[in-house]
Amino acid sequence: MTIPKTMRAVEITQPGGPEVLRIGERPVPQPKAGEVLIRVAAAGVNRPDTMQRAGNYPVPPGASDIPGLELAGGIVALGEGVRDWRVGDTVTALVQGGGYAEYCTAPAPQCLLPETFFTVWSNVFDRAAIKPGESFLVQGGSSGIGVAAIQIVKAFGHKVFATAGSTEKCAACAKLGADRAIDYKTEDFVAAVKEATAGRGVDVILDMVGGDYIDRELKSLADDGRIVIIAFLGGAKATLYLTDILRRRLTVTGSALRPRSVEFKGAIAKNLREKVWPLIEAGKIKAIIHKTFPLAEASKAHALMESSVHIGKIVLIV
């Protein structure tokens, strides 16, 4: 196919609300050595996109200022040295930015699975190093990250707890495999977890709330438990009592995937390809899509994301 010189892309005209997103025209990027050029069919909408739009998530050096961290489409050109992919291959990819566009480049090692799967694997299986027999709690079980976390962790045999903000969302979490879905608006998740574990607590918590949740999560952990923070929708400041952390050997850590190196993300992709991809092919893990929007309606997609009424992924169709 003939690759055009320009493309449509969603631009952030200034920091602000969803209304600052506009369709603009940009040059089609050229793949560098080790990269592929993808004609984008769909792009995932994620919290970091809304944070970038609001001016609260700086773009890493060298990354596109166009939002969008995950996409699916077809490879139309190869950069020098790419051996594992061919023009015409259909892929999904994790990128540092640029997904809200008709074309986007991606490092070849990062072509495989959506951003949510990278995030879950990197933080739950690598950083928290969840072990056989350990239990797991994800905050925001009906979010894009949450539905991926429930399915992946459950598929590997762990007991899964999830919080969500309505009866409908809790039912969705249970359907995906959560052993106990907790409505945080009507229940205390600390008490619910303690009751369900006979007072022991859970071993690993994936947190995207932050703020005053952290101290409550420490109370929800078993001895030697780990909290991994990947966002702080409830606030970036927390008050912690260090006595329990020392006495019970608890760990509070966190990570952001976007600024990590291609090599780091490539290693995650390798693990996903070997351990998670077969589960997707077998139908044990599914992509849960709440709603799709045309690229030109990215502002509506962001408004929906920030409303938190969705269950699963929000996707832009390009």
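Residues numbered from 1 in each chain as written. Predicted model: local features only at pLDDT ≥ 70, side-chain atom pairs only at ≥ 80, totals over all residues. Heavy atoms only, no water.

**Some points on a nonpolar patch on the surface**
- Where nonpolar side chains cluster on the molecular surface, the patch consists of Leu240, Leu242, Leu246 and Val252 and spans about 360 Å² of accessible area.
- Structurally, Leu242 is set in helix 7 (residues 242–248).
- Classification of Leu242 by relative accessible area gives exposed; the value is 53%. (Patch = residues over 30% accessible without salt bridge, like charges linked within 9 Å, V, L, I, M, F, W, Y side chains within 5 Å. Areas by Shrake-Rupley, 256 points an atom, 1.4 Å probe, with all protein chains shown as cover. Salt bridge = Lys/Arg side-chain N within 4 Å of Asp/Glu carboxyl O. Helix = DSSP H or I, 4+ residues; strand = E, 2+ residues; numbered from the N terminus. Buried < 20%, exposed > 50% of the residue type's maximum accessible area, 1.4 Å probe, protein only.)

**A look at the packing of helix 5 (residues 189–196) against helix 6 (residues 213–220)**
- Interhelical geometry of helix 5 versus helix 6 gives an angle of 10° and a closest axis separation of 9 Å. Viewed along their axes, helix 5 and helix 6 adopt a mutual orientation that is roughly parallel. In this structure, helix 5 meets helix 6 at a crossing whose hand is right-handed. Contacts between helix 5 and helix 6 involve Phe189, Val190, Val193 and Lys194 from the first element and Tyr213, Arg216, Glu217, Lys219 and Ser220 from the second. (Axes fitted to C-alpha atoms, helices over the stretch in contact; angles between N-to-C directions. Parallel < 35°, antiparallel > 145°, perpendicular 65-115°, else oblique. Left-handed = near helix turned anticlockwise from the far one by under 90°. Contact = heavy atoms within 4.5 Å.)

**Description of the sheet that holds strand 7 (residues 135–138)**
- Spatial ordering of the open sheet is given by 9-8-7-10-11-12, a layout of six strands whose pairing is parallel. With partners counted over all chains shown, the strands left at the sheet margins are strand 9 (180–183) and strand 12 (251–254), one partner each. Shown here is a sheet whose adjacent strand axes are inclined to one another by a mean of 15°, direction ignored.
- Judged from the three bridges that link them, strand 7 and strand 10 (residues 202–207) form a sheet pairing that is parallel. Residue Phe136 lies in a different strand from strand 10, and its bridge partner there is Val204.
- Running at roughly 170° to strand 7, helix 3 (residues 144–155) makes contact with strand 7, strand 8 (159–164) and strand 10 of the sheet.
- Strands strand 8 and strand 9 of the sheet are contacted by helix 4 (residues 167–176), whose axis makes an angle of about 165° with strand 9. (Pairing = 2+ DSSP bridges.)

**Focus: the nonpolar core**
- Counting 39 residues, the largest nonpolar core has Val124, Phe136, Val138, Ile150, Leu206 and Leu272 as the members making the most contacts within it.
- When contributions to this core are tallied by element, the ones reaching two or more residues are helix 2 (115–127), strand 7, helix 3, strand 8, helix 4, strand 10 and helix 8 (262–275).
- The leading source of residues in this core is helix 3, at seven residues.
- Apart from residues lying up to four places away in sequence, Leu206 is in contact with Asn123, Val124, Phe136, Leu137, Val138, Gln139, Ile145, Ala149, Val228 and Ile230.
- Formed by 22 residues, the second largest nonpolar core is a distinct cluster that contains Ile66, Tyr100, Leu304 and Leu316. (Core = buried A, V, L, I, M, F, W, Y, C linked by side-chain atoms within 4.5 Å.)

**Brief notes about the packing of aromatic side chains**
- Scanning the model with the defined rule gives four aromatic pairs in all.
- Centre to centre, the rings of Trp121 and Phe125 are 4.3 Å apart; their planes meet at 10°, and the pair counts as stacked. Within this pair, Trp121 and its partner Phe125 are both found in helix 2, separated by four residues, close to a single helical turn. The same class applies to Trp121 and to Phe125, which are both buried.
- With centroids separated by 5.1 Å and ring planes inclined at 40°, the aromatic side chains of Phe189 and Tyr213 adopt a geometry described as tilted. Of this pair, Phe189 sits in helix 5 while Tyr213 sits in helix 6; the two residues are 24 residues apart in sequence, bridging distant segments of the chain.
- A relative accessible area of 0% means that Phe189 is categorised as buried.
- Ring pairing ties together the aromatic residues Trp121, Phe125 and Phe156, which thus form one cluster.
- Above the face of the Tyr213 ring, Arg216 is positioned so that its terminal group lies 5.1 Å from the ring centre.
- The ring of Tyr57 has Arg258 sitting right over it, with the charged end atom 5.4 Å from the ring centre. (Phe/Tyr/Trp six-rings, centres within 6.5 Å; stacked < 30°, edge-to-face > 60°. Lys NZ or Arg CZ within 6 Å of the ring centre and 35° of its normal.)

Nothing here speaks to function; it is all geometry.
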